[in-house]
Amino acid sequence: MLDDFIQAMLAKVYGVAPVSILKKVFKIYTGAAFKITELREAEENQTEPTDDNGIATWHIDGKYVMLDDD
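This section reports on the structure supplied with the text.

Some thoughts on the overall build of the chain
Looking only at helices and strands, the chain has 3 helices and 3 strands in total. By residue count, 31% of the 70 residues in the chain fall in the buried class. If you sum the accessible surface of the chain, you get close to 4,900 Å²; carbon and sulfur atoms cover 53% of it.

A few points about the nonpolar core
The biggest cluster of nonpolar side chains holds 16 residues, and the ones touching the most others in it are Leu2, Phe5, Ile6, Leu22, Leu39, Trp58 and Val65. Only helix 1 (2–12), helix 2 (19–30), helix 3 (36–45) and strand 2 (58–61) provide two or more residues apiece to this core. Sort the elements by how many residues they give to this core and helix 1 lands first, with 5 residues. Residue contacts for Leu39: discarding those within four places in its chain leaves Leu2, Ile6, Val19, Phe34, Trp58, Ile60 and Val65.

Section: the pairing of strand 3 (residues 64–67)
Examined bridge by bridge, strand 1 (residues 16–18) and strand 3 share 3 bridges and lie antiparallel to one another. Within strand 3, the position partnered with Pro18 by the bridge is Tyr64. Across 4 bridges, the pairing between strand 2 and strand 3 is antiparallel. For Ile60, the partnering residue across the bridge sits in strand 3 and is Val65. The loop that links strand 2 with its antiparallel partner strand 3 comprises 2 residues; one of these, Gly62, has a positive phi angle of about 65°.

With respect to the environment of Ile60
For Ile60, the position within the fold is in strand 2. For Ile60 and Pro18, which are 42 residues apart along the polypeptide, the C-alpha to C-alpha distance reads 9.4 Å. If sequence neighbours within four positions are ignored, Ile60 has contacts with Leu39, Arg40, Glu43 and Val65.

Conventions and cut-offs
- Per-chain numbering applies: the sequence of each chain, read as written, is numbered from 1 onward.
- The predicted origin of the model limits local features to residues at a pLDDT of at least 70 and limits the giving and counting of side-chain atom pairs to 80 or more, whereas totals for whole chains, interfaces and linings rest on all residues.
- With hydrogens and water excluded, all non-hydrogen atoms of the structure serve as input to the side-chain values.
- Helix numbering and strand numbering both begin at the N terminus, where a helix is a DSSP run of H or I of at least 4 residues and a strand a DSSP run of E of at least 2.
- Each residue is assigned to one of three classes by its accessible area relative to the maximum for its type, calculated with a 1.4 Å probe on protein chains only: buried under 20%, partly exposed between the two thresholds, exposed over 50%.
- Where accessible areas are quoted, they stem from the Shrake-Rupley method and a 1.4 Å probe; at the residue level, only the protein chains shown are allowed to cover.
- To define a nonpolar core, start from buried Ala, Val, Leu, Ile, Met, Phe, Trp, Tyr and Cys residues and group those joined through side-chain atoms within 4.5 Å.
- Contacts: residue pairs with any heavy atoms within 4.5 Å of one another.
- A pair of strands is considered paired only if DSSP assigns at least 2 bridges between the two.

Here's what the structure looks like:
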């Protein structure tokens, strides 16, 4: 669920967002919180994009999360 949320949010905020904002918005929409360790685990476990599924990868860069430049 966290991976899907991150992908949807980044698509709406031009590909990059501060982690702090993503945490606040996630809490508003789901009622749940996540820790930075959970975010890093989700980053490590995300599905790589392929031609047929269109899943975008994202990465944590310091205090920001961004969609893959590819």
